[in-house]
Amino acid sequence: ITVSDDMKKNISNLIKKKVFIIHNGSACGLNIEIKTLNQKSINKIKKKIKFSADDKIILFVGRPNKRKGFFDILEIWNSMFKKEKHCKLIMLGITKKDIIQKMKIMPKNIFPMGLVSETDPFYEISDYLFMTSHHEGLSYTVLEAFQHRTIVISNKIDGVSELVKHNFNGFLVNKNNKYDYFNYSNYLQKDKKLKENFLDRSIKIAHKFDREKFLQS
């Protein structure tokens, strides 16, 4: 039993037994209920990152290891975004110590938040999720981004490409190409209509993974 069509294909190449899919991810589906977001929490985050209306907020969710693309996101940021005045990177699951160990310095426009219990406000204020992971079964992080109308730009990997369709509801990047992350995010900043179309399509996909539907079946 696995969680996505991508993983089914991979496993079927390894074994002769029939492979079944529980198609709602590792958390038994997504809680699609409209939540009353904690405005106090949102305002607290905005204050911490010195938010302004012109800012482009990028979100990374993961752990400080190679599999989750931690080293990739730092390389992408250091090469392409470090000098971009209005670009800010929020990192969930990552500490200041993790970044300094790798980069030796703490860039002014990176904001590590460590482990957080309430992720909704971070998705809510973010324009883009950069998904630099190297392996996913079925990405719950991507589904959460869809739910909060956050555009996903992701490394082209199994478990994500099933959810993100290139140039339809997001962008897929080959081998975490740093120029693509930069160019795609800039492109959508200029084309607001296309961005809204992407977001509308993403929320429709998120509804397919509604936890209530899963529990009823």
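Residue positions are counted from 1 within each chain, in the order its sequence is given. In view of the model being predicted, local features appear only for residues whose pLDDT reaches at least 70, and side-chain atom pairs are presented and counted only at 80 or more, with totals across whole chains, interfaces and linings using the full set of residues. Remark: hydrogens and water are excluded; side-chain values derive from all non-hydrogen atoms of the structure.

1. Re the overall build of the protein chain
Here a strand is any run of E in DSSP of at least two residues, a helix any run of H or I of at least four, and the numbering for each starts at the N terminus. Along its length, the protein chain carries nine helices and six strands. Note on classification: 1.4 Å probe, protein chains only; a residue is buried when its accessible area is under 20% of the maximum for its type, exposed when over 50%, partly exposed between these limits. Expressed as a percentage of the 217 residues in the protein chain, the buried residues total 49%. Surface summary for the protein chain: the accessible area is close to 12,000 Å², and the carbon and sulfur share equals 52%. Per-residue and other accessible areas were derived by the Shrake-Rupley procedure at a 1.4 Å probe size, with only the shown protein chains allowed to occlude residues.

2. Here's the deal with the side chain of lysine 68
Positionally, lysine 68 belongs in the loop between β1 (56-61) and α3 (70-81). Given the relative accessible area of 13%, lysine 68 is considered buried. Throughout this description, a polar contact denotes any pair of N or O atoms lying within 3.5 Å of each other; where both atoms belong to protein, one of them has to be capable of donating a hydrogen while the other can accept it, and for residues adjacent in sequence the pair is counted only when both atoms sit in side chains. Side-chain polar atoms of lysine 68 contact the side chain of glutamate 136, separated by 2.8 Å. By definition in these notes, contact holds between two residues if any of their heavy atoms fall within 4.5 Å. In contact with lysine 68, not counting residues within four places along its chain, are Phe60, Gly62, Arg63, Thr132, Ser133 and Glu136.

3. A few points about the side chain of serine 202
Secondary-structure assignment places serine 202 in helix α8 (residues 192-207). In this structure serine 202 comes out as buried when scored by relative accessible area, which is 3%.

4. Quick look at the sheet that holds strand β5 (residues 151-155)
Strand pairing in a sheet is mediated by backbone hydrogen bonds. Such pairs are either parallel or antiparallel. Strands qualify as paired when DSSP identifies two bridges or more between them. If you trace the six strands from one edge of the open sheet to the other, you get β3-β2-β1-β4-β5-β6, paired in parallel fashion. The sheet terminates laterally at β3 (110-114) and β6 (170-173), the two strands that pair on one side only. Along the sheet, successive strands turn relative to each other by an average axial angle of 20°, direction set aside. Both β5 and β6 contribute to a ladder of four bridges, which runs parallel. By the bridge assignment for β6, valine 152 is matched with glycine 170. To obtain each axis, a line is fitted to C-alpha atoms, and for helices this fit is confined to the stretch in contact; angles are then taken between N-to-C directions over 0 to 180 degrees.

5. Some points on the packing of α3 against helix α4 (residues 96-103)
Contact geometry of α3 with α4 gives a least axis separation of 11 Å together with a crossing angle of 70°. Comparing the axis directions of α3 and α4 gives the class roughly perpendicular. Where α3 crosses over α4, the handedness of that crossing is right-handed. Of α4, the residues touching α3 (which contributes Phe70, Phe71, Leu74 and Asn78) are Asp98, Ile99, Lys102 and Met103. Looking at the contact of α3 with α4 residue by residue, the classes come out as five nonpolar, one polar and two charged. Under this scheme an angle from 65 to 115 degrees is roughly perpendicular, one under 35 degrees roughly parallel, and one over 145 degrees roughly antiparallel; angles in between are oblique. Each helix crossing is assigned a hand: it is left-handed if the near helix lies turned anticlockwise from the far helix by less than a right angle, otherwise right-handed if that turn is clockwise. When residue character is reported, Ala, Val, Leu, Ile, Met, Phe, Trp, Tyr, Cys and Pro are called nonpolar, Asp, Glu, Lys and Arg charged, and the others, Gly included, polar.

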